[in-house]
Amino acid sequence: MRLLLAEDDDSIAEPLVEGLRRDGFAIERVATGSAALDARGYDFALLDLGLPDMDGAEVCRKLREDSDVPIIVITARSDEIDRVLLLELGADDYVVKPFGFRELTARIRAVSRRAVTRTNDASPARIGALEVDRRTRRAVLGDEELQLTPKEFDLLALLASDAGAVLDRPRIMDEVWDQHWYGPTKTLDVHVASLRKKLGDPAWIETVRGVGFRLVDPS
Ligand code: CA
């Protein structure tokens, strides 16, 4: 996942960037509201409300006009913000300084999980001859329904929610197995192997060494 961090205070931004990178996130950090609005190519925004050049609420509203990426607002005091207003401006959640690093990453994962669900509620994902429908929990390849275990389905649905993109192992473990991932595990590889077999062509799921997996149309 690529994060945009808009935070002018180095003493907050630097340890955050370091910790999030260690957790497998790619980070672009900016220090002003206008730089945040110019940034592109990220899929999650962490937005400090107290930026030097623009009102944070205005930055939030403008970001939301442009895109539907999840936004978590970072704020200095709980009384500084009006939660309802923030949600109306399009923020998905907020954290109050000082916040724990684990609290922030848990919120990032919870918000992105909701965002994935939101995206997939509307219509099934289609990748080549494969159709994955979270609503009915059916995966169809060509005109044949795949017989998947619940975890195999969840894994395939997650990969299909962002086909072509690399999903990193911690995120997959967190979203499919609902647990934090702190070391090597065979569970994911075993499920990927059985999914490849059921899809009939191992090329459907590419391994990106040291990072994770991505779903691609092999035809
Ligand atoms: Ca600030």
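As shown above, the structure is provided for reference.
These figures come from a predicted structure and were not determined experimentally.

Draft legend 1. Broad picture of the packing of helix 6 (residues 150-161) against helix 8 (residues 187-199). Packing of helix 6 against helix 8 leaves a shortest axis separation of 10 Å and a crossing angle of 85°. Classified by the interaxial angle, the pair formed by helix 6 and helix 8 is roughly perpendicular. Where helix 6 abuts helix 8, its residues Lys151, Glu152, Leu155 and Leu156 lie against Leu188, His191, Val192, Ser194, Leu195, Lys198 and Leu199. Considering only residue class, the contact of helix 6 with helix 8 consists of six nonpolar, two polar and three charged.

Draft legend 2. Spatial organisation of helix 1 (residues 10-22). With 13 residues, helix 1 should cover 18 Å at 1.5 Å per step; its first-to-last C-alpha distance of 18 Å lies within 8% of that length. Of the positions making up helix 1, those classed as buried are Ala13, Leu16, Val17, Gly19 and Leu20.

Draft legend 3. A look at the packing of helix 6 against helix 7 (residues 169-176). With their axes 10 Å apart at the nearest point, helix 6 and helix 7 run at an angle of 130° to one another. Classed by the angle they form, the pair helix 6 and helix 7 counts as oblique. When the axes of helix 6 and helix 7 are compared, the crossing they make is right-handed. On helix 7, the residues touching Lys151, Asp154, Leu155, Leu158 and Leu159 of helix 6 are Arg171, Ile172, Glu175 and Val176. Considered class by class, the residues forming the contact of helix 6 with helix 7 number five nonpolar, no polar and four charged.

Draft legend 4. Expanded view of the pattern of salt bridges. Scanning the model with the defined rule gives 19 salt bridges in all. Glu58 is paired through a salt bridge with Lys62; the nearest N and O atoms lie 3.6 Å apart. Of this pair, Glu58 and Lys62 both sit in helix 3 (residues 56-66), four residues apart, which is roughly one turn of the helix. Asp154 is the partner of Arg137 in a salt bridge, and the nearest nitrogen-oxygen pair spans 3.0 Å. Of this pair, Arg137 sits in the loop between strand 7 (130-133) and strand 8 (138-141) while Asp154 sits in helix 6, and the two are 17 residues apart along the sequence.

What counts, and where the lines are drawn
- Residues numbered from 1 in each chain as written.
- Predicted model: local features only at pLDDT ≥ 70, side-chain atom pairs only at ≥ 80, totals over all residues.
- Heavy atoms only, no water.
- Axes fitted to C-alpha atoms, helices over the stretch in contact; angles between N-to-C directions.
- Helix = DSSP H or I, 4+ residues; strand = E, 2+ residues; numbered from the N terminus.
- Parallel < 35°, antiparallel > 145°, perpendicular 65-115°, else oblique.
- Contact = heavy atoms within 4.5 Å.
- Nonpolar A, V, L, I, M, F, W, Y, C, P; charged D, E, K, R; others polar.
- Expected span 1.5 Å × (residues − 1).
- Buried < 20%, exposed > 50% of the residue type's maximum accessible area, 1.4 Å probe, protein only.
- Left-handed = near helix turned anticlockwise from the far one by under 90°.
- Salt bridge = Lys/Arg side-chain N within 4 Å of Asp/Glu carboxyl O.

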